[in-house]
Amino acid sequence: MAYEQLNLQNQICFRLYTVSRLVIQAYRPYLEPLGITYPQYLVLMLLWEHDHRLVGDIAKRLVLETNTVTPLIQRMEKEGIVVRERGTTDTRQRVVSLTEKGRLLEEEAKNIPVCLSRALSEQGASLNDLTAMAPTLDTLIDILKEQPDKQRGK
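The written sequence of each chain sets the order in which its residues are numbered from 1. At least 70 in pLDDT is required for a residue's local features to be given in this predicted model, at least 80 for side-chain atom pairs to be given and counted, and no such filter applies to totals for whole chains, interfaces and linings, which use all residues. The side-chain numbers reported here are obtained from all heavy atoms of the structure, hydrogens and water having been left aside.

Let's talk about the packing of helix α2 (residues 38-49) against helix α4 (residues 66-78)
The contact between α2 and α4 brings their axes to 10 Å, and the two run at 85°. When the axis of α2 is compared with that of α4, the two are roughly perpendicular. Between α2 and α4, the residues in contact are Pro39, Gln40, Val43 and Leu44 and Leu72, Arg75 and Met76, respectively. Axis definition: a line fitted to C-alpha atoms, over the contacting stretch in the case of helices. Angles run 0 to 180 degrees between N-to-C directions. In this description a helix means any DSSP run of H or I spanning at least four residues, a strand means any run of E spanning at least two, and both kinds are numbered starting from the N terminus. When describing relative orientation, an angle under 35 degrees is termed roughly parallel and one over 145 degrees roughly antiparallel, while 65 to 115 degrees is termed roughly perpendicular and anything else oblique. Contacts: residue pairs with any heavy atoms within 4.5 Å of one another.

Structure below.
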């Protein structure tokens with residue numbers, strides 16, 4: 001190899017991508033019985049924390065573009081999990097709210113974090129080590145979510 005820095009095993013981004021993909025895969029057996037996907041689960045967690053959110057606020061919290069979140073929410077609306085309504089102060093905005101079905105999913109999902117943590121622990125992952133990673137990952141997220149603006153000269 002001419003450039004050692006291009007060796008895949010030297011890339012932190014490869015490890016982050018792989019872990020992300022595998023974590024989402026690990027959630028699948030817990031989410032499929034509820035009829036939701038991992039991205040829908042993330043939206044639901046935000047709405048369970050605080051219902052009646054603007055689409056733009058959901059996108060911002062999930063570090064996604066609104067054009068990514070909107071189709072996701074539209075699918076959730078078709079499935080009867082959420083409803084979208086026009087904003088009261090700005091009718092161009094859409095407020096997303098839980099339906100009864102969406103609220104009931106919280107009860108069904110309440111044990112998912114514990115189940116996943118237990119499964120990881122049984123496979124040898126230290127829960128203390130995983131928890132200790134959170135601040136480092138948060139810092140990395142904060143740095144990287146600013147990068148597109150800097151690259152565009154903003």
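Quick look at the sheet that holds strand β2 (residues 82-86)
Taken in spatial order, the three strands of this open sheet run β1-β3-β2, and their pairing is antiparallel. Of all the strands in the sheet, the pair left with one neighbour each is β1 (53-54) and β2. Criterion used throughout: strands pair if DSSP finds at least two bridges between them. Bridge count between β2 and strand β3 (residues 94-98): five bridges; the pairing is antiparallel. Directly across from Val82, in β3, lies its bridge partner Leu98. Along the sheet face, α2 touches β1, β2 and β3 and points at about 85° away from the line of β3.

Observations regarding unusual backbone geometry
One non-glycine residue with positive phi stands out, namely His52, at about 65°. Along the chain, His52 turns up in the loop between α2 and β1. The backbone phi angle of Val63 is positive, close to 55°, even though this residue is not glycine. When you line up the elements, Val63 lands in the loop between α3 (55-61) and α4.

A look at the nonpolar core
Nonpolar cores were defined as sets of buried Ala, Val, Leu, Ile, Met, Phe, Trp, Tyr and Cys residues, with membership established by side-chain atoms within 4.5 Å. Residue exposure (1.4 Å probe, protein chains only): buried if accessible area is under 20% of the type maximum, exposed if over 50%, otherwise partly exposed. Core analysis: the biggest nonpolar cluster contains 26 residues, and Ile36, Tyr41, Leu44, Ile58 and Val82 have the highest contact counts within it. For this core, the secondary structure elements donating two or more residues are α1 (12-31), α2, α3, α4, β3, α5 (100-109) and α6 (112-122). With six residues, α2 is the largest single contributor of residues to this core. Discounting chain neighbours no more than four positions away, the residues touching Tyr41 are Tyr27, Leu31, Ile36, Trp48, Ala109, Ile112 and Pro113.

Limitation: the analysis is restricted to geometry and does not speak to function.
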